[in-house]
Structures are given as C-alpha cells and as structure tokens.
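What the coordinates show
Listed here are the chains, written in short residue letters.
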Amino acid sequence: MENLLNQLGENFRGFQPEVPMHMEARVMNAVKKDQKSFWKFSLTYLNVYVAAAIAGGCLSAMLFSMSNDVTSSAENANVAVVVSAPAANPSISQNSDYISIEKSELISDKSGRSQTRQQASNSQNVKPVVEEVITCGGTPEIPELSEVHSNATDETVKTQISQTTEISKASLPDLNKVEKKPKGKKFTISTFHN
Amino acid sequence: MVSLLCMSENQLIQDCIKGNSRAQRMFYKRFASTVYGICLRYAKNPMEAEDTMQEAFIKVFKYLKDYQGAGSLEGWVRRVAVNTAITQYRKGLKGKYDAQVEEQWHLSDQSFDQMAAEYTMEEMLNCIQALPDGYRTVFNLYVVEGYKHKEIADMLGIDANTSKSQLSRAKVHLQNALLNLSRQRIKKEEYYGKFIESAR
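Assigned secondary structure in chain B consists of 10 helices and 0 strands. Counting from the amino terminus, helix and strand elements in chain B follow one another as α-α-α-α-α-α-α-α-α-α. Taking all 200 residues of chain B together, the buried fraction comes to 28%. The contacts in chain B between residues at least 6 apart in sequence include a share of 66% that link residues at least 24 apart.

And the structure:
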C-alpha cells in the first residue's frame, strides 16, 4: 500500500498537464491589475483622485471658515477692550489740542488681567505724557499717573485722565464675559455684584 | 525574445520584480503547467483549479522579492501554489460544515494496489477531484507533497488524528470511485463487444 502511494505521489509530483490557452492572458491581466498601486498615477484611479481632491478642498474650506469665525470672535472681544480705552483719548486731544496718542497696546493674560499702556507725546509745548492703565478682572484699579509734565494746562489734563479711567472702568465687564467661559458650574454676575 | 529565452534565472527574477511584463510572461510560461497540475489536484474541477492558479501566480509575483535563492525556484513556486490551494480550501470551509460519514471503513491494501495499477493518470486525477474537500487536501499533502500528519494538522488547523482519519477515508473514497470506473469500463467493453458481434 505504501509503495503504491509513493508511486502515486511521484507520478503526481511530475504531473504537468496542458494549461488552457486563455489562462495566460487571464493570469497576466490579474497580475497587472494587482501591481497597480493607488499611489502611482493611473487612469483607473482617476475618479478616486478627483473625489479625494474635492473632499480635501471642502474639508480645508470648512476648517478655514471655522478658524476665521474663532479668530474674528476673539478679535471682537479684544477690540471691545482696546477701543474703549482710546475712545477716551480723543477727548484729550480734542480738548487740549496738543496731546496726540502715538502708541496703544493691549496685553492680556489668562487670568483676565489686562494692561493698557498708552504713550502720549506732546507735540508742541507739553512734555511726553506717559499713562499706564492697569485693570484687573475683578476689581478695576485706578490708573497711576507716573509722569505728567505740562506748562499751562495741568488741571485740564488731570481731569481728562480721570475721564479716561472712568470709561475704561465701564468697558471691563465685556472682557470678563468674553475670556471667562465657565464649562461646569455657572457663577452668576449677580453674586459678584452682591 | 531571444535574450529573454537565454535569460538566467536571477535576471528573470529581477525583471519580474521590476514589473517587466515580458519577463513575467516568460516566468509564467516556465511554471504554468507545474502550478496548474498542483491546482488541479487540490481543486474539485478545472474551473476551480484555474481560479487557484490565478491566485497562485499573483502571490508568486507579489512575493518574488522575498525569494532568497535558498532551494530551487520551482520548489518555491510549488510551495506558493500549495499554500494558495490550502488557503482556498480554508476559505471554502468558512460557514460550511462538511457532513462527513463517521463510519469506520476498512480498506484492504491488496485491493487498492490492484485497482490503482490499472488506471491512467487522468482517471486517477478525476477520482481525486471527486473526493470531498478535506479528504482531497489531506490526501494531496500526505501522498504527493510528502508532509507528515503533524505538519498537515498545523497547516489546516486540525488535529493530527483528524488528518490520519481523513487520509484513510480518502483512500476508501478513492477505492469506491475506481470501482465505479472499472464497472463503467466493463459496461463499455460489453457494449462495444455486442456492437462488434452484431456488426459481424
């Protein structure tokens, strides 16, 4: 029995039947198809490339518009604060005629504390006026006037600066509302005022 | 074309790896009949054998870069073809329970020897193809490829004893198939004998 099986095995090992003629084309086509990679450009995958490009464009446009919304809302929040401080400054220039604001910048950190530095220079008679407004999130402080030198209109300048501080006080709640976004518990403003 | 015919095996392999279609065609022509022979043994019919052959050549060209040169190229191609056939068999097993006859059949060695000696390769191949999938696979792996039952068990994910029992059942099935074939032969001979007598 074992001998017969061995003989049978040997016969079948060397068994090489005639291959059907159509198999060559079939196998070669299948091999070609298998070797086509997605990353090699081919007309077969053209529709896939187009679909992928459209999908990518839509996605990037969506992301761009979303990022624009976020930045614009953040800018609006900042502008509300920045604009409020300079809004008072024209009154200085209007009244005094010789004080002009050269630089204004806003520095804000996570704690809600903001600093507005304004440097004003006297164009004709008045020496440079440096004003620093430091406002805290909870309790706004009255700005300290570091240097004020003037020849004739000391009193008017002081009164105008006091006006600016009043206006800057009025703008503070907007900053708090924008930057502090309570996620869990809500602390109402009424308790803060009370 | 002449250059391709004279091409060394290494050069042929390198060109096939690069995707040269002429070299691949040459490679196919060299091993097609060997692979087809293996696929025919493992398949139920020529159609299934063609499918297996296609899969086998796809794998051969895909993994040709992994051929290290240890052993003959033909042996490597044969092994890929056998593995492909086994994969096809295992795919066919999914969701299919092959109701196997649990009877214990005994076959006398002598009768098998007598019968098997009378038949041609083609007839034997038809009988092998007529075997149930599991029997045919184990029979091919054990008798033709020369694997041990333990190796077959590992390859097919079955127990070694299952492999043994499937082999013995394959032999019984083969015996029955050959018996039927011989009966048909006798009937044909009787028919032609009567036909010749009547013609005289």
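Before going further, it helps to examine the overall build of chain A. When helices and strands are counted, chain A shows 5 helices and 4 strands. A total of 194 residues make up chain A; the buried ones form 13% of that total.

Moving on to the interface of chain B and chain A. Taken together, the contact pairs 27 residues of chain B with 22 residues of chain A. Where the side of chain B that touches chain A is concerned, the elements lending two or more residues are helix H3 (21-42), helix H4 (46-63), helix H6 (109-116) and helix H8 (133-144) of chain B. Top contributing element to the side of chain B that touches chain A by residue count: H3(B), with 11 residues. In terms of residue class, the side of chain B that touches chain A is built from 13 nonpolar, 8 polar and 6 charged.

All names here are of chain B. Contact pair H8 / helix H9 (residues 149-156): the axes reach a minimum separation of 10 Å and the direction vectors enclose 135 degrees. For the element pair H8 / H9, the angle class is oblique. Between H8 and H9 the crossing geometry is right-handed. Only Ile152, Met155 and Leu156 of H9 make contact with H8, whose side of the interface consists of Thr137, Val138, Leu141 and Tyr142.

Residue and element names in this part refer to chain B. Structurally, the position occupied by Gln129 is in helix H7 (residues 121-129). Its 18 C-beta neighbours within 10 Å are what place Gln129 among the partly exposed residues. Distance in space between the C-alpha atoms of Gln129 and Pro46 is 9.1 Å, their sequence separation being 83 residues. The residues touching Gln129, leaving out its near neighbours within four places in the chain, are Ala43, Lys44 and Asn45.

Residue and element names in this part refer to chain B. Here Ala81 shows up in helix H5 (residues 73-93). In this structure, the C-alpha to C-alpha distance between Ala81 and Tyr36, residues 45 residues apart in sequence, is 8.8 Å. When near neighbours in sequence (up to four residues on either side) are disregarded, Ala81 contacts Val35, Ile38, Cys39 and Ala56.

All right, on to the nonpolar core then. Residues B:Val35, B:Cys39, B:Met53, B:Ala56, B:Phe57 and B:Ala81 are the most contacted members of the largest nonpolar core, which totals 26 residues. If you list the elements that add at least two residues to this core, you get helix H2 (22-35) of chain A together with H3, H4 and H5 of chain B. When near neighbours in sequence (up to four residues on either side) are disregarded, B:Phe57 contacts A:Val27, A:Val31, B:Tyr28 and B:Val35. Listed in part, the 17 residues of the second largest apolar core include B:Met124, B:Cys127, B:Leu141 and B:Ala170.

Turning to H4(B), a few remarks are in order. Along an α-helix, residues three or four apart share an orientation, since each turn contains 3.6 residues. Taking 1.5 Å of rise per residue, the 18 residues of H4(B) would be expected to cover 26 Å, and the 25 Å separating its terminal C-alpha atoms lies within 8% of that figure. Of the residues making up H4(B), those classed as buried are B:Ala49, B:Glu50, B:Thr52, B:Met53, B:Gln54, B:Ala56, B:Phe57, B:Val60 and B:Phe61.

All names here are of chain B. Counting all residues, the mean pLDDT for chain B is 82, and 82% of those residues have values of 70 or more. Helix H1 (residues 2-5) is the least confidently modelled element of chain B, averaging 47 in pLDDT, while H3 averages 93, the highest of any element. For residues 1-5, every residue scores under 50 in pLDDT, and the model assigns this stretch 3 contacts once sequence neighbours within four places are set aside. Of the regions scoring below 50 in pLDDT, residues 97-107 engages in 9 contacts with residues more than four places distant in sequence or in other chains. Two summary scores accompany this predicted model of the complex, namely pTM at 0.53 and ipTM at 0.72.

Between H2(A) and H4(B), the least distance of the axes is 9 Å, while the angle of their chain directions is 45 degrees. Taken together, H2(A) and H4(B) sit at an angle that is classed as oblique. Between H2(A) and H4(B) the crossing geometry is right-handed. Here H2(A) contributes A:Met23, A:Arg26, A:Val27, A:Ala30, A:Val31 and A:Asp34 to the contact with H4(B), which in turn contributes B:Glu50, B:Met53, B:Gln54, B:Phe57, B:Ile58, B:Phe61 and B:Lys62.

Below, the discussion takes up the environment of B:Ser182. Here B:Ser182 is to be found in helix H10 (residues 160-199). Along the chain, B:Ser182 and B:Tyr119 lie 63 residues apart, while their C-alpha atoms are 8.9 Å from each other.

Residues and elements named next belong to chain A. On average, chain A scores 64 in pLDDT, and the residues at 70 or more come to 31%. Mean pLDDT across the elements of chain A ranges from a minimum in strand E2 (residues 114-122), with 45, to a maximum in H2, with 88. Low pLDDT, under 50, characterises residues 87-96; the predicted model gives this stretch 18 contacts beyond four residues in sequence or across chains. Contacts for the low-pLDDT stretch residues 99-126, under 50 throughout, to residues beyond four places or in other chains number 65 contacts.

Basis of the calculations
- Residues numbered from 1 in each chain as written.
- Chains lettered and ligands numbered in written order.
- Predicted model: local features only at pLDDT ≥ 70, side-chain atom pairs only at ≥ 80, totals over all residues.
- Helix = DSSP H or I, 4+ residues; strand = E, 2+ residues; numbered from the N terminus.
- Buried ≥ 20, exposed ≤ 12 C-beta atoms within 10 Å, placed from the backbone.
- Contact = placed C-beta atoms within 7 Å.
- Nonpolar A, V, L, I, M, F, W, Y, C, P; charged D, E, K, R; others polar.
- Axes fitted to C-alpha atoms, helices over the stretch in contact; angles between N-to-C directions.
- Parallel < 35°, antiparallel > 145°, perpendicular 65-115°, else oblique.
- Left-handed = near helix turned anticlockwise from the far one by under 90°.
- Core = buried A, V, L, I, M, F, W, Y, C linked by C-beta atoms within 7 Å.
- Expected span 1.5 Å × (residues − 1).
- pLDDT = per-residue confidence, 0-100.

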